[in-house]
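Spelled out from the first residue to the last, the chains are:
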Amino acid sequence: MTARIIDGKAVAERLRGALAARIAGLSFQPGLRVVRVGDDPASGVYVRNKDRAAAAAGFDSATLQLPAETTEADLLALVARLNADPAVDGILVQLPLPPQIRQEAVIAAIDPAKDVDGFHPVNAGLLATQQPGLVPCTPKGCMHLLREAGASLSGARAVVLGRSQIVGRPMAQLLLAADCTVTIAHSRTRDLAAECRRAEILVAAVGRPEMVRGDWIGEGAIVIDVGINRLPSGKLAGDVAFAEAAARAAAITPVPGGVGPMTIACLLENTLEAALRRRGPAG
Ligand SMILES: NC(=O)C1=CN([C@@H]2O[C@H](COP(=O)(O)OP(=O)(O)OC[C@H]3O[C@@H](n4cnc5c(N)ncnc54)[C@H](OP(=O)(O)O)[C@@H]3O)[C@@H](O)[C@H]2O)C=CC1
Ligand SMILES: Nc1nc(=O)c2c([nH]1)NC[C@@H]1CN(c3ccc(C(=O)N[C@@H](CCC(=O)O)C(=O)O)cc3)C=[N+]21
């Protein structure tokens, strides 16, 4: 089999276009603030792409850049100001944070109604209990792509490789909510290759370039590659060995151009959703 390539860039463009059309009909601009502490290079591309996409879709968006030596107290004070600012609908604090700042303390300080990353324990709890809340952008984008690929999810065997708070766990929750039979694999899993091979839907989010080899892929599986790994050459690689996997899968996402652009589109989707929930449809 030669896999169909799932074009995340195109799907994200369509989603952003639909958001722009909805925003054009509003009496206000949904406000998004991204807070960046220091200049972790991995965050650079993301922040730049997001700024461009947000402005083009009609959001009132800004990135607040703080120095690397910012204290936790100063960052918490900024979050409190953004929580209180009625023009701000969405707050995203770019991760990772420098070591002097506790990530959990900052996430917990964000108003759950403005937590467009969906990382606050309230939103994680709402997702786990199947109640409406803000859903983490990357897993949400993966679900869009699975639907786009025509995956039939109900009853399907899904394997999520990785159990992080921001990708693996919420991904597993969304697949479960869509009636998949979900396995969560991680660094302590015995015989990862065998677990993956059973998957009809495989989502890889480990952060190890091309760890998933072609013979880990079941014939006809749908493969979503979340990994974004910078190689020494400067090129980006996913967590899946793309060419090998494409020889066996029915459909697969590329890196770049797969999940990454969807994360940004879903961040904008969450910001619009948060704005409408806070302000009501008329604004
Ligand atoms: N496309 C996008 O928009 C985004 C992409 N990413 C990318 O996705 C990838 C994962 O990110 P994230 O979830 O934050 O990463 P984390 O490092 O937080 O989590 C990685 C997970 O993979 C597991 N893991 C690590 N090594 C192995 C191994 N050798 N075998 C099996 N499991 C392993 C870990 O297991 P354990 O829990 O046992 O340690 C952990 O659960 C990265 O490449 C990141 O850059 C991340 C966010 C957004
Ligand atoms: N609070 C927080 N929320 C996040 O969602 C978050 C974060 N912190 N920290 C960093 C990671 C990483 N991440 C990316 C999203 C999109 C691309 C992306 O658009 N990638 C493009 C282009 C990549 C390139 O050209 O370098 C692609 O894959 O095609 C990349 C990386 C969000 N993250």
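Note that the structure is predicted; figures quoted are calculated from it, not measured.

1. Points about unusual backbone geometry
Among all residues save glycine, negative phi is the norm, and among peptide bonds the norm is trans.
Here comes step 1: Here Leu95 and Pro96 are connected by a cis peptide whose omega angle stands at 0°.
Here comes step 2: Residue position: Pro96 is located in the loop between strand S4 (90–93) and helix H4 (103–109).
Here comes step 3: In this chain, Val255 is followed by Pro256 through a cis amide linkage whose omega measures -5°.
Here comes step 4: Mapped onto the elements of the fold, Pro256 is located in the loop between strand S11 (251–252) and helix H10 (259–279).
Here comes step 5: For Glu210, which is not a glycine, the phi torsion comes out positive at approximately 55°.
Here comes step 6: For Glu210, a relative accessible area of 36% translates into the label partly exposed.

2. Digging into the site of ligand 1
Here comes step 1: In the neighbourhood of ligand 1, 21 residues make up the surrounding shell, with Arg163, Ser164, Ser187, Arg208 and Thr263 lying closest.
Here comes step 2: Contact between ligand 1 and Ser164: an oxygen atom at 2.6 Å from a side-chain N or O atom of the residue.
Here comes step 3: One nitrogen or oxygen atom from the main chain of Val226 is found 3.4 Å from a nitrogen atom belonging to ligand 1.
Here comes step 4: Ranked by residue count, the leading element in the shell around ligand 1 is H10, at three residues.
Here comes step 5: Residue classes in the shell around ligand 1 are distributed as nine nonpolar, 10 polar and two charged.

3. With respect to the UniProt feature "binding site: NADP(+)" (unreviewed entry) in the chain
Here comes step 1: According to UniProt, the feature "binding site: NADP(+)" (unreviewed entry) maps to Gly162, Arg163, Ser164 and Ile228 in the numbering used here.
Here comes step 2: The residue Arg163 is located in the loop between strand S5 (157–161) and helix H7 (168–177) in this model.
Here comes step 3: Using a relative accessible area of 35% as the deciding quantity, one classes Arg163 as partly exposed.
Here comes step 4: With respect to the secondary-structure elements, Ile228 resides in the loop between strand S8 (222–225) and strand S9 (229–230).
Here comes step 5: If near-sequence neighbours (up to four positions away) are discounted, Ile228 is found in contact with Leu236, Ala237 and Gly260.

4. Some thoughts on the packing of helix H1 (residues 8–24) against H10
Here comes step 1: Contact geometry of H1 with H10 gives a least axis separation of 8 Å together with a crossing angle of 20°. Here H1 is positioned roughly parallel relative to H10, judged by the angle of their axes. Between H1 and H10 lies a crossing whose hand is left-handed. Residues Gly8, Lys9, Val11, Ala12, Leu15, Arg16, Leu19, Arg22 and Ile23 of H1 pack against Pro261, Met262, Ala265, Cys266, Leu268, Glu269, Leu272 and Leu276 of H10.

5. Some points on H10
Helical geometry note: an α-helix holds 3.6 residues per turn, so side chains three or four residues apart project in the same direction.
Here comes step 1: Its 21 residues give H10 an end-to-end C-alpha distance of 30 Å, which sits within 8% of 30 Å, the value for a rise of 1.5 Å per residue.
Here comes step 2: Looking one or two places after H10, you find Gly280, whose phi comes out positive at around 80°.

6. Considering the nonpolar core
Here comes step 1: Of all hydrophobic cores here, the largest spans 54 residues; its most connected members are Leu146, Met171, Leu175, Ile201, Ile224, Val226 and Leu268.
Here comes step 2: In terms of residue count, H10 provides more of this core than any other element does, 10 residues in total.
Here comes step 3: In this structure Leu175 touches Met143, Leu146, Ala158, Val160, Cys180, Val182 and Val203, once residues within four positions along its chain are discounted.
Here comes step 4: Ranked by size, the runner-up nonpolar core spans 20 residues in total, among them Ala3, Cys196, Ala249 and Ile252.

Rules of the game
Residues numbered from 1 in each chain as written. Chains lettered and ligands numbered in written order. Predicted model: local features only at pLDDT ≥ 70, side-chain atom pairs only at ≥ 80, totals over all residues. Heavy atoms only, no water. Helix = DSSP H or I, 4+ residues; strand = E, 2+ residues; numbered from the N terminus. Buried < 20%, exposed > 50% of the residue type's maximum accessible area, 1.4 Å probe, protein only. Near = heavy atom within 4 Å. Polar contact = N/O pair within 3.5 Å; in protein donor to acceptor, adjacent residues only side chain to side chain. Nonpolar A, V, L, I, M, F, W, Y, C, P; charged D, E, K, R; others polar. UniProt positions renumbered as here; feature names shortened; annotations may be inferred. Contact = heavy atoms within 4.5 Å. Axes fitted to C-alpha atoms, helices over the stretch in contact; angles between N-to-C directions. Parallel < 35°, antiparallel > 145°, perpendicular 65-115°, else oblique. Left-handed = near helix turned anticlockwise from the far one by under 90°. Expected span 1.5 Å × (residues − 1). Core = buried A, V, L, I, M, F, W, Y, C linked by side-chain atoms within 4.5 Å.

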